[in-house]
Amino acid sequence: MYIKSDREIELMRTAGKIVAEVLEKLKEVIQPGITTKEIDQLAEEYIRKNKAIPAFLGYGGYPASVCTSVNEEVVHGIPGSRVLEDGDIIGVDVGAFYEGYCGDAARTYEVGSCSDIAKRLIKVAEESFFAGLEYAYEGNRLYDISHAIQTHVESNGFSVVRSLVGHGIGKNMHEDPQVPNYGLPHRGPRLMAGLTLAIEPMINAGKHNVRTLSDGWTVVTSDGSLSAHYENTIVITVNGPEILTRL
Ligand code: MF3
Ligand code: CO
């Protein structure tokens, strides 16, 4: 578990701002008719224009700059020729390195007009992140965050994906510690100022079980139910959490 210096946190602020700007721009372009590949191209262009490098491209052989996960796809959907349709939901996950430091964040967007259940799932995913954030203070323990996320999701009748977790982040996209979205309070590593984490609830309308498609990347719900993802990179400061991937 690596504690960042003020200089490192400043670089992560810049990386995080670029990621946040990409996610903000995508709000306007995600409409019925756009392809997931077009979303990927827009994101990559913006990242590079800001002197940053797409963090996912080439990571473990991943073939694109962002992940686009539609409907029952949980995470790691590969952009391609798929055309978004009215009523779809799409999770877009964006990562960028700036001067050697990484920012990582995801949002789930409505495409046109969505069902009430889809809207509620997206909202609960976001809310659960903020429920967890309330525990991101020095002196607490990591699974206090995890437990708060789980409690919010399950009390709304949805389930938390178990086999994928959030992570420490910095010079590497994935660092210790792992950040599960479920767990027991008062357990796990002690939180300290300077710790940078990517907290990323992935929640399903049905059961928590997931599987990976034959492309080797796309994770889908086993029961075909809708899934939503919400992620930010944060730093724990002496005054509490600061979100690095929000404008
Ligand atoms: N935000 C995701 C994560 O934290 C993105 C990784 S996609 C990959 O794991 F292709 F880069 F693996
Ligand atoms: Co992440």
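Look a little higher up for the structure.
A brief structural summary. Remember, it's a predicted structure, so these values are computed and weren't measured experimentally.

1. Looking at the coordination of the cobalt ion (ligand 2)
Next, step 1: Binding of the cobalt ion (ligand 2) to the protein goes through Asp 104 (OD), His 167 (NE2), Glu 200 (OE) and Glu 231 (OE), at separations of 2.1 to 2.4 Å.
Next, step 2: In primary-sequence terms, the residues that donate to the cobalt ion (ligand 2) follow D-x62-H-x32-E-x30-E. A residue pair is termed long-range when its members are at least 10 positions apart, and Asp 104 in strand β5 (residues 101–110) and Glu 231 in the loop between β13 (227–229) and β14 (232–237) qualify at 127 residues. In this structure, Asp 104 and Glu 231 share a single accessibility class: buried.

2. Quick look at a nonpolar patch on the surface
Next, step 1: Residues Met 1, Ile 3 and Met 192 make up a contiguous nonpolar surface patch of about 240 Å² in total accessible area.
Next, step 2: Mapped onto the elements, Met 1 comes out in the segment before α1 (6–29).
Next, step 3: With a relative accessible area of 43%, Met 1 lands in the partly exposed category.

3. A few points about the environment of Leu 213
Next, step 1: In this fold, Leu 213 is placed in the loop between β11 (210–212) and β12 (219–221).
Next, step 2: Residues Leu 213 and Lys 171, spaced 42 residues apart in sequence, show a C-alpha to C-alpha distance of 30 Å.
Next, step 3: Sequence-distant contacts of Leu 213, that is, excluding residues within four places in its chain, are made with Thr 218 and Val 220.

4. Let's talk about the packing of aromatic side chains
Next, step 1: As enumerated under the stated definition, the model contains four aromatic pairs in all.
Next, step 2: Arranged with centres 4.9 Å apart and planes meeting at 85°, the rings of Phe 129 and Phe 130 form a pair that is edge-to-face.
Next, step 3: Judged by relative accessible area, which is 24%, Phe 130 ranks as partly exposed.
Next, step 4: By the ring-pair criterion, three or more aromatic residues cluster together here, those being Phe 129, Phe 130 and Tyr 230.

5. Focus on the sheet that holds β12
Next, step 1: Spatial strand order, β3-β12-β11: three strands in an open sheet with antiparallel pairing. Unpaired on one side and paired on the other, β3 (73–75) and β11 mark the two borders of the sheet. Ignoring which end each strand starts from, the neighbouring axes of this sheet average 40° apart.
Next, step 2: With three bridges joining them, β11 and β12 adopt antiparallel strand pairing. Looking at β12, one finds that Val 210 is bridged to Thr 221.

6. With respect to the side chain of Ser 65
Next, step 1: Tracing the backbone shows Ser 65 in the loop between β1 (53–54) and β2 (66–70).
Next, step 2: Within polar-contact distance, the side chain of Ser 65 engages the side chain of Glu 44 at 3.1 Å.
Next, step 3: The contacts of Ser 65, once residues within four sequence positions are left out, are Asp 40, Glu 44, Pro 54, Phe 56 and Leu 57.

7. With respect to the pattern of salt bridges
Next, step 1: Within the structure shown, the criterion is met by ten salt bridges.
Next, step 2: Glu 10 is the partner of Arg 13 in a salt bridge, and the nearest nitrogen-oxygen pair spans 2.7 Å. With Arg 13 and Glu 10 both in helix α1, this residue pair falls three residues apart, about one helical turn.
Next, step 3: Judged by its relative accessible area of 42%, Glu 10 falls in the partly exposed class.
Next, step 4: Arg 162 is paired through a salt bridge with Glu 154; the nearest N and O atoms lie 3.6 Å apart.

Conventions adopted
- Residues numbered from 1 in each chain as written.
- Chains lettered and ligands numbered in written order.
- Predicted model: local features only at pLDDT ≥ 70, side-chain atom pairs only at ≥ 80, totals over all residues.
- Heavy atoms only, no water.
- Donors = N, O, S within 2.8 Å, 3.2 Å for Na, K, Ca; no water.
- Helix = DSSP H or I, 4+ residues; strand = E, 2+ residues; numbered from the N terminus.
- Buried < 20%, exposed > 50% of the residue type's maximum accessible area, 1.4 Å probe, protein only.
- Patch = residues over 30% accessible without salt bridge, like charges linked within 9 Å, V, L, I, M, F, W, Y side chains within 5 Å.
- Areas by Shrake-Rupley, 256 points an atom, 1.4 Å probe, with all protein chains shown as cover.
- Salt bridge = Lys/Arg side-chain N within 4 Å of Asp/Glu carboxyl O.
- Contact = heavy atoms within 4.5 Å.
- Phe/Tyr/Trp six-rings, centres within 6.5 Å; stacked < 30°, edge-to-face > 60°.
- Pairing = 2+ DSSP bridges.
- Axes fitted to C-alpha atoms, helices over the stretch in contact; angles between N-to-C directions.
- Polar contact = N/O pair within 3.5 Å; in protein donor to acceptor, adjacent residues only side chain to side chain.

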